[in-house]
Amino acid sequence: QVQLVESGGGLVQAGGSLRLSCAASGRTFSSYAMGWFRQAPGKEREFVAGITRSGGRTYYADSVKGRFTISRDNAKNTVLLQMNSLKPEDTAVYYCAARWDRDSGRYYYTGPQYDNWGQGTQVTVSS
């Protein structure tokens, strides 16, 4: 198991940027594939971005491709989500998620594929 704590959310105007951070506990962080999800009021949780164990491959939802960047630092047990050109429709609670991965290199797009979740951080984009 790994404990996850998100930070970096806040209020920003449309077109602005935010950087979310997810700090993970445990010595085996590099054994986990990581993802970011979000949930807006009245909507289902949706996948935002994912990154493989080594950080060598990243993948994104079409709605954020070209605007968001996921990265990780295994030495610091941290995964980041850089969000640029924010839109009001990006408003949501953002969650960090982790899945122990046998270095399969697979991509994980759905919530049930992840075993560990943070408490979430609110991102609000005003128009």
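Residues numbered from 1 in each chain as written. Predicted model: local features only at pLDDT ≥ 70, side-chain atom pairs only at ≥ 80, totals over all residues. Heavy atoms only, no water.

Quick look at the sheet that holds strand β7 (residues 68-73)
- Spatial strand order, β1-β3-β8-β7: 4 strands in an open sheet with antiparallel pairing. Each edge of the sheet is formed by a strand with only one pairing partner; in this case those strands are β1 (4-7) and β7. Here the strands of the sheet are splayed against their neighbours by 15° on average, with no regard to which way each runs.
- Direction of pairing for strand β3 (residues 18-24) relative to strand β8 (residues 78-83): antiparallel, over a ladder of 6 bridges. Directly across from S21, in β8, lies its bridge partner L80. (Pairing = 2+ DSSP bridges. Helix = DSSP H or I, 4+ residues; strand = E, 2+ residues; numbered from the N terminus. Axes fitted to C-alpha atoms, helices over the stretch in contact; angles between N-to-C directions.)

Observations regarding the pattern of salt bridges
- One pass over the full model with this rule turns up 4 salt bridges.
- Between R38 and D90 there is a salt bridge; the shortest N-O distance is 2.9 Å. Residue R38 is located in strand β4 (residues 32-39), and its partner D90 is located in the loop between β8 and β9 (92-100); the two are separated by 52 residues in the primary sequence.
- R67 serves as the salt-bridge partner of D90, at 2.8 Å between the closest nitrogen and oxygen. Taken together, the residues D90 in the loop between β8 and β9 and R67 in the loop between β6 (58-60) and β7 connect sequence positions 23 residues apart.
- For D90, a relative accessible area of 1% corresponds to the buried category.
- Three or more residues are tied together by salt bridges with common partners; here these are R38, E46, R67 and D90. (Salt bridge = Lys/Arg side-chain N within 4 Å of Asp/Glu carboxyl O. Buried < 20%, exposed > 50% of the residue type's maximum accessible area, 1.4 Å probe, protein only.)

Things to note about the pairing of β9
- Looking at chain direction, β4 and β9 are connected through 8 bridges and run antiparallel. Paired with R38 across the strands is Y94, a residue of β9.
- Bridge count between β9 and strand β11 (residues 121-126): 3 bridges; the pairing is antiparallel. When the bridges of β11 are listed, A92 appears paired with V123.
- Sheet topology note: the β9/strand β10 (residues 116-117) ladder contains 2 bridges and is antiparallel. Pairing of A97 across the sheet is with W117, part of β10.

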